[in-house]
Amino acid sequence: MIYLDYAADTPVDAQVLDLFCRISQDAFGNANGAHLLGKNGKQLIEKATINIKNQLNCLNMEIIYTSGATEANNLAIKGVARNYRENGRHLISTCLEHASVSGCLKQLQSIGYEIDLVAIKKDGTVDLDHLKELIRVDTILVSINYVDSELGGCQPIESISAIVAAYPNCFFHVDATQAVGKIPVHLDQIDLVTFSPHKFFGLNGMGVLLKSDSLILEPQIHGGTSTSYYRSGTPFTAGAGATALALELCMAELEERLAQVALKSAWLKKQLSAYPLVSFNSTEHSIPHILNLSVKGVKAQAFQAALSDQEVCVSTKSACSTDNTPSRSVLAVTGSRDLARTSWRISLCHLTTDSELQEFMEIFDFCYKSLTKK
Ligand code: PMP
């Protein structure tokens, strides 16, 4: 098998899994318990929390652990919308967002909130002039991802936050799920940041919401405040510890891994460029981990299925949008329905080997020839 779908999920690092098992067995008591194991668990969570904040350089933010970035996005967006509805009911986002963001916005729209989407330029970045036109005194939230999951496009986060900062009633939420652990992130001017460790060799079923201290959210899960005021349930001590370690391991090698992935990605792009029907939907702003391409005339699902028959794993759209509709993100960036229908994603990481990529190219060549012959 050749796995080239690391933007969807990554294997858990052995050290992370080991720590997870150790905490689960040795420090299993409810971390809110007033007994020895409880106090020990609380200390482990506090240690993990400080470690995560240090790694991401955001000591002034509060951490809320959730079941994934999906839940973290729901809490961030609905939590702001409901708590600050007296200030306004206008939210701004983009068509490049993950389903857990666009789904929240759709739900809010159905109950009377007004949603505007900022235009995306041909280079995959948000049109800052359009954002300036859209934002107003009753805008309560701008929600834009750091890196989008389909094209891997990196957004000008600092320029966006400078625009939002001029509106005191407006908060800035960034879904950083495809950025954290892969590229350096600058979170200082952001009010709400979400991500999940299964994208960087941590656990599935775990997510993080970073929230600036001054911001108040309406909780989305009720029934106790044992994990945090914002998230009831027994604290997931081993999950917090495992997340902190996964992040620490990635951050320690961030630059080397990024450089390795960039080399592999450039090699792959060069090989694929030799095929006349191939075009790239990722842009110069895309992170090297994600390469989105189209093979003219071949539906994305057909190419993916042909590769899958040869035991190669790639994605069409993001794995969280499993319907077969054309990609909204590719349509927005390229303006072409044909490219949106034929686009699929290869995603790499530092574990991807040169021989895997060589073998992938042989299989790609076989699939390309069989699917494009008249
Ligand atoms: N946001 C983005 C950008 C993602 O890529 C994903 C996962 N595909 C999510 C949110 C949801 O993450 P989780 O699976 O942890 O709920």
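Definitions and cut-offs
- Residues numbered from 1 in each chain as written.
- Predicted model: local features only at pLDDT ≥ 70, side-chain atom pairs only at ≥ 80, totals over all residues.
- Helix = DSSP H or I, 4+ residues; strand = E, 2+ residues; numbered from the N terminus.
- Rg over C-alpha atoms; globule rule 2.2 N^0.38 Å.
- Buried ≥ 20, exposed ≤ 12 C-beta atoms within 10 Å, placed from the backbone.
- Contact = placed C-beta atoms within 7 Å.
- Axes fitted to C-alpha atoms, helices over the stretch in contact; angles between N-to-C directions.
- Parallel < 35°, antiparallel > 145°, perpendicular 65-115°, else oblique.
- Left-handed = near helix turned anticlockwise from the far one by under 90°.
- Nonpolar A, V, L, I, M, F, W, Y, C, P; charged D, E, K, R; others polar.
- Domains from an automatic or database assignment.
- Pairing = 2+ DSSP bridges.
- Near = placed C-beta within 6 Å.
- pLDDT = per-residue confidence, 0-100.
- Right-handed = clockwise from strand over helix to strand, strands pointing away.

### Thoughts on the overall build of the protein chain
Okay, so step 1: Helix and strand content of the protein chain: twelve helices and twelve strands.
Okay, so step 2: Computed over its C-alpha atoms, the radius of gyration of the protein chain comes to 21 Å, within 12% of the 21 Å expected for a compact globule of 374 residues.
Okay, so step 3: Overall, the C-alpha framework of the protein chain stretches about 70 × 50 × 30 Å when taken along its three principal axes.
Okay, so step 4: Counting all 374 residues of the protein chain, 47% fall into the buried class.
Okay, so step 5: Contacts in the protein chain between residues far apart in sequence, at least 24 positions, make up 72% of those at least 6 positions apart.

### Some thoughts on the packing of helix α1 (residues 14-26) against helix α7 (residues 237-252)
Okay, so step 1: Two elements in contact, α1 and α7, have axes separated by 9 Å at closest approach and are oriented at 160°. The angle between α1 and α7 falls in the class roughly antiparallel. Seen from above, α1 lies across α7 with right-handed handedness. Between α1 and α7, the residues in contact are Q15, V16, L19, F20, I23 and S24 and T237, A238, G241, A242, L245, A246 and L249, respectively.
Okay, so step 2: Class assignment for the residues of the contact of α1 with α7 results in nine nonpolar, four polar and no charged.

### Points about the domain arrangement of the protein chain
Okay, so step 1: By the assigned domains, the protein chain splits into domain 1 (2-8 + 254-368) and domain 2 (14-252).
Okay, so step 2: The straight-line distance from the C-alpha centre of domain 1 to that of domain 2 is 27 Å.
Okay, so step 3: Those elements that place two or more of their residues in the side of domain 1 that touches domain 2 are α8 (254-273), β10 (290-295) and α10 (328-334).
Okay, so step 4: Sorting elements by how many residues they give to the side of domain 1 that touches domain 2 places α10 first, with five residues.

### Considerations on the sheet that holds strand β3 (residues 90-93)
Okay, so step 1: If you trace the seven strands from one edge of the open sheet to the other, you get β2-β8-β7-β6-β5-β3-β4, paired in mixed fashion. The sheet is open, and its two borders are formed by β2 (61-66) and β4 (114-117), each paired with just one other strand. Here the average twist between neighbouring strands, direction ignored, is 20°.
Okay, so step 2: As judged from the three bridges shared by strand β5 (residues 139-143) and strand β6 (residues 171-175), these two strands associate in the parallel manner. Following the sheet pairing, V142 is matched in β6 by F172.

### A look at the site of the ligand
Okay, so step 1: Not every one of the 16 residues close to the ligand is listed here, only the nearest: G68, A69, T70, H98 and S196.
Okay, so step 2: Residue composition of the shell around the ligand, grouped by class: three nonpolar, twelve polar and one charged.
Okay, so step 3: Two domains each put at least three residues into the shell around the ligand: domain 1 (2-8 + 254-368) and domain 2 (14-252).

### Let's talk about the pairing of β3
Looking down a regular strand, the side chains alternate between one sheet face and the other.
Okay, so step 1: Both faces of β3 are covered, namely the face carrying H90 and I92 and the face carrying L91 and S93.
Okay, so step 2: Of the pairings in the sheet, the one linking β3 to β4 comprises four bridges and is parallel in character. Bridge pairing in β4 places I92 opposite D116.
Okay, so step 3: Pairing of β3 with β5 involves three bridges; the strand directions are parallel. Paired with I92 across the two strands is V142, which belongs to β5.

### Comments concerning the confidence of the model for the protein chain
Okay, so step 1: Chain-level statistics for the protein chain give a pLDDT mean of 95 and a share of 97% at 70 or above.
Okay, so step 2: Scored as a whole, the predicted complex attains pTM 0.97, and scored at its interfaces, ipTM 0.99.

### Considerations on the environment of V101
Okay, so step 1: In this fold, V101 is placed in helix α4 (residues 99-110).
Okay, so step 2: C-alpha separation for the pair V101 and N73, spaced 28 residues apart in sequence, amounts to 6.1 Å.
Okay, so step 3: When neighbours within four sequence positions are excluded, V101 is seen to be in contact with N73, I77, S93, S143 and D175.

### Some remarks on the pairing of β6
Okay, so step 1: Of all five residues making up β6, five are buried, and the element is well covered by its neighbours.
Okay, so step 2: Going residue by residue along β6, you find F171, H173 and D175 tucked away on one face and F172 and V174 tucked away on the opposite face as well.
Okay, so step 3: As for the winding sense of the linkage, the β-α-β connection from β5 through helix α6 (residues 157-165) to β6 is right-handed.
Okay, so step 4: Two strands pair when backbone bridges link them, and β6 and strand β7 (residues 192-195) are joined in this way by three bridges, in the parallel orientation. Bridging across to β7, H173 finds its partner in L192.

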